[in-house]
Amino acid sequence: MSDIKPIAMTLGEPGGIGPELAIKAWLARAEHNLPPFFILSPKIIMDQTTEALGLQVKTKVIDEVSQTGKFFEDALPVFEIPGNGEDIKPGTASSKTASIVIDSIIHGVNLTRSGTASAVVTNPIQKSVLYQAGFNHPGHTEFLAELSGPGTIPVMMLANSQLRVVPMTIHIALSEVPKQLTAEIIKQLVRITTASLQRDLGLKKPRLAIAGLNPHAGEDGSMGDEEIKVIRPAIMELRDEGFDVVGPLPADTMFHAEARANYDVALCPYHDQALIPVKTLDFHGGVNVTLGLPFIRTSPDHGTALDIAGKGIARPDSLIAAIKMAADMARKRAAGNAASQGA
Ligand SMILES: NC(=O)c1ccc[n+]([C@@H]2O[C@H](COP(=O)([O-])OP(=O)(O)OC[C@H]3O[C@@H](n4cnc5c(N)ncnc54)[C@H](O)[C@@H]3O)[C@@H](O)[C@H]2O)c1
Ligand SMILES: N[C@H](C(=O)O)[C@H](O)COP(=O)(O)O
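Keep in mind the model is a prediction, meaning the values are calculated, not measured. For every chain, the first residue of the written sequence is number 1, and numbering continues from 1 onward in sequence order. Here the convention is simple: chains get letters from A, ligands get numbers from 1, in the order in which they are written. The predicted origin of the model limits local features to residues at a pLDDT of at least 70 and limits the giving and counting of side-chain atom pairs to 80 or more, whereas totals for whole chains, interfaces and linings rest on all residues. Working from all heavy atoms in the structure, the side-chain values ignore hydrogens and water.

**Regarding the side chain of Thr-298**
Part 1: Here Thr-298 shows up in strand S12 (residues 297-300).
Part 2: Residue exposure (1.4 Å probe, protein chains only): buried if accessible area is under 20% of the type maximum, exposed if over 50%, otherwise partly exposed. In this structure Thr-298 comes out as buried when scored by relative accessible area, which is 0%.
Part 3: Here a polar contact is taken to be a pair of N or O atoms separated by no more than 3.5 Å, where protein atoms must pair a possible hydrogen donor with a possible acceptor and residues adjacent in sequence count only if both atoms sit in side chains. Only 2.8 Å separates the side chain of Thr-298 from the backbone oxygen of Ala-322, close enough to count as a polar contact.
Part 4: Ignoring anything within four residues of it in the chain, the contact list for Thr-298 reads Val-120, Val-121, Thr-122, Val-287, Asn-288, Val-289, Ala-322, Ile-323, Met-325, Ala-326 and Met-329. Helix and strand labels come from DSSP, where a helix needs a run of H or I of at least four residues and a strand needs a run of E of at least two; each type is numbered from the N terminus. Residues are treated as being in contact if the distance between any of their heavy atoms lies within 4.5 Å.

Spelled out as structure tokens, the structure:
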């Protein structure tokens, strides 16, 4: 019997590699000692995928999440979401299946928020086709925050065994970054990241490093003054509050091995500044985790990979890492809750 409640896994874009990865992660359950998980999907989509890939995998519809553990050894448990497999073509994302994709996320979040599932692990979505269908959030991160209620500030963190990064602005045009990167945002992100690393990753006093926005962190204002006007003042205030935070550091020299040894997480002004080093260091072992939510959410660090969908060659490593990280976080939260109740 598992020590944590089952993990909810969303379908993601059905024309992408998500369904294949879910099946491959289930096949790897014993090898990786994975806790029981279920997928939120129409059963037909999972069955179509196993058949197309020639895999001998049974699926089992569960009526209750609590049945996940009972069936997990013999079949991939499916929490059925309404929908059919008609509009699905591997390698092609379609706005016709957007309602299935979104329902899967909403149900996964509801089951996790209610405590029925211990965490939600999301498969990648094809953002462009969801936008065509009227989805008006840049990605999961912002959608999950909205589902969590007003005042939720989600923090995207990508992590592998060599590096953790937080992009301080996410899916916005580069030209918008200087406008949105305020001292207030930086302070909020540092506070949330520190609290999450303490609570969910067990780091007692997390060390944070903040990258500059401009080349050479602005070179004393000669290449941009956001470091002087925004980033440094925020860091000084945070240090006064007791946070272990350094910067602004030149982004080009803060990701080599010796530099990485000096911090636990790097916060970067914009998306690619953070995600290029983490995905380059270990693409297949990376996990995307959203901090600051009232529930645990992890995801693989890659996208829908339409170019390889249906070919049977997608690697489930990142999804497996996401399941493991979600389970570890759930165990740490449970232990922390038990300790605080006992205190
Ligand atoms: N969490 C998410 O929902 C999420 C995350 C990242 C990207 N996306 C979305 O995915 C779509 C495609 O994005 P992209 O093309 O930039 O990145 P991608 O990660 O889908 O693909 C980049 C390259 O890596 C390969 N790749 C990705 N995952 C792989 C795996 N598991 N095994 C083997 N090879 C793999 C792909 O074949 C491709 O060559 C976009 O719509 C993007 O917004 C979603
Ligand atoms: N920026 C992420 C990445 O490139 O990996 C990705 O798009 C995930 O976004 P959501 O988790 O918000 O969908």
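**Notes on the sheet that holds strand S3 (residues 59-61)**
Part 1: Two strands qualify as a pair provided that DSSP identifies no fewer than 2 bridges between them. In space, the twelve strands of this open sheet follow the order S3-S4-S2-S1-S5-S12-S11-S6-S7-S10-S8-S9, with mixed pairing throughout. Of all the strands in the sheet, the pair left with one neighbour each is S3 and strand S9 (244-249). Averaged over all neighbouring strand pairs, the angle between strand axes comes to 30 degrees, with direction disregarded.
Part 2: Pairing of S3 with strand S4 (residues 76-80), which is carried by three bridges, proceeds in the parallel orientation. The residue bridging Val-61 from the neighbouring strand is Val-78, located in S4.
Part 3: Angular values range over 0 to 180 degrees, each being the angle between N-to-C directions of two axes fitted as lines to C-alpha atoms, with helices fitted over their stretch in contact. Each of strand S2 (37-41), S3 and S4 touches helix H2 (residues 43-53); the most contacted strand, S4, lies at about 145 degrees to it.
Part 4: Where helix H11 (residues 271-281) meets the sheet, its contacts fall on strand S6 (155-159), strand S7 (164-167), strand S8 (207-211) and strand S10 (265-268), and the angle it forms with S7 comes to roughly 160 degrees.

**Quick notes on the packing of helix H4 (residues 98-113) against helix H6 (residues 140-148)**
Part 1: Put simply, H4 and H6 touch, their axes get as near as 11 Å, and they point 50 degrees apart. Judged on the interaxial angle alone, H6 and H4 are oblique. For the element pair H4 and H6, the recorded crossing hand is right-handed. Here H4 contributes Ile-102, Ile-105, Ile-106, Val-109 and Arg-113 to the contact with H6, which in turn contributes His-140, Phe-143, Leu-144, Leu-147 and Ser-148.
Part 2: As a working rule, the residues Ala, Val, Leu, Ile, Met, Phe, Trp, Tyr, Cys and Pro are called nonpolar, Asp, Glu, Lys and Arg charged, and the rest polar, with Gly in that last group. Within the contact of H4 with H6, the residues separate by chemical class into seven nonpolar, two polar and one charged. Should an angle fall under 35 degrees it is taken as roughly parallel, and over 145 as roughly antiparallel, whereas 65 to 115 is taken as roughly perpendicular and any remaining angle as oblique. Throughout, a crossing is termed right-handed when the near helix is turned clockwise from the far one, and left-handed when it is turned anticlockwise from it by less than a right angle.

**Section: the packing of aromatic side chains**
Part 1: In this analysis, rings of Phe, Tyr and Trp, with Trp reduced to its six-membered ring, are considered paired at centre separations within 6.5 Å, and the interplanar angle assigns stacked below 30 degrees, edge-to-face beyond 60, and tilted for intermediate values. Counted by the stated rule, this structure contains three aromatic pairs.
Part 2: Seen in terms of ring centroids, Phe-38 and Phe-79 are 6.0 Å apart; in terms of plane orientation they differ by 40 degrees. Their pairing is tilted. Placement of the pair is Phe-38 in strand S2 and Phe-79 in strand S4, with a sequence separation of 41 residues.
Part 3: Aromatic pair Phe-135 and Phe-143: ring centres 5.1 Å apart, planes at 80 degrees, arrangement edge-to-face.

**Some points on the domain arrangement of the protein**
Part 1: For the domain bounds, the source is a domain assignment made automatically or taken from a database. Segmenting the protein into domains produces domain 1 (1-152 + 293-343) and domain 2 (162-281).
Part 2: Its C-alpha centre places domain 1 at a distance of 30 Å from the equivalent point of domain 2.
Part 3: By definition, the buried area sums, over both parts, the 1.4 Å-probe accessible area that each loses when the two are put together. A buried area of about 770 Å², summed over both sides, lies between domain 1 and domain 2, and 52% of it is on carbon and sulfur atoms.
Part 4: On the domain 1 side of the contact with domain 2, Asp-301, Lys-332 and Arg-333 bury the most area, a combined 50% of that side's loss.

**Some thoughts on the pairing of S6**
Part 1: The element S6 is largely enclosed, with a buried count of five among its five residues.
Part 2: Neither face of S6 is open: one carries Val-155, Met-157 and Ala-159, the other Met-156 and Leu-158, and all of them are buried.
Part 3: Examined bridge by bridge, S6 and strand S11 (residues 287-291) share five bridges and lie antiparallel to one another. Looking at the pairing, Leu-158 lines up with Asn-288 of S11.

**Quick word on the nonpolar core**
Part 1: Throughout this description, the term nonpolar core refers to a set of buried Ala, Val, Leu, Ile, Met, Phe, Trp, Tyr and Cys residues connected via side-chain atoms within 4.5 Å. Counting 88 residues, the largest nonpolar core has Phe-37, Phe-38, Met-157, Ile-186, Ile-210, Leu-267 and Ile-323 as the members making the most contacts within it.
Part 2: By residue number, the principal contributor to this core is helix H12 (residues 317-342), which donates ten residues.
Part 3: Counting only domains with at least three residues in this core, you end up with domain 1 (1-152 + 293-343) and domain 2 (162-281).
Part 4: Every residue in contact with Ile-323, bar those within four places of it in the chain, is listed here: Ile-7, Met-9, Ala-25, Leu-34, Pro-35, Phe-37, Val-121 and Thr-298.

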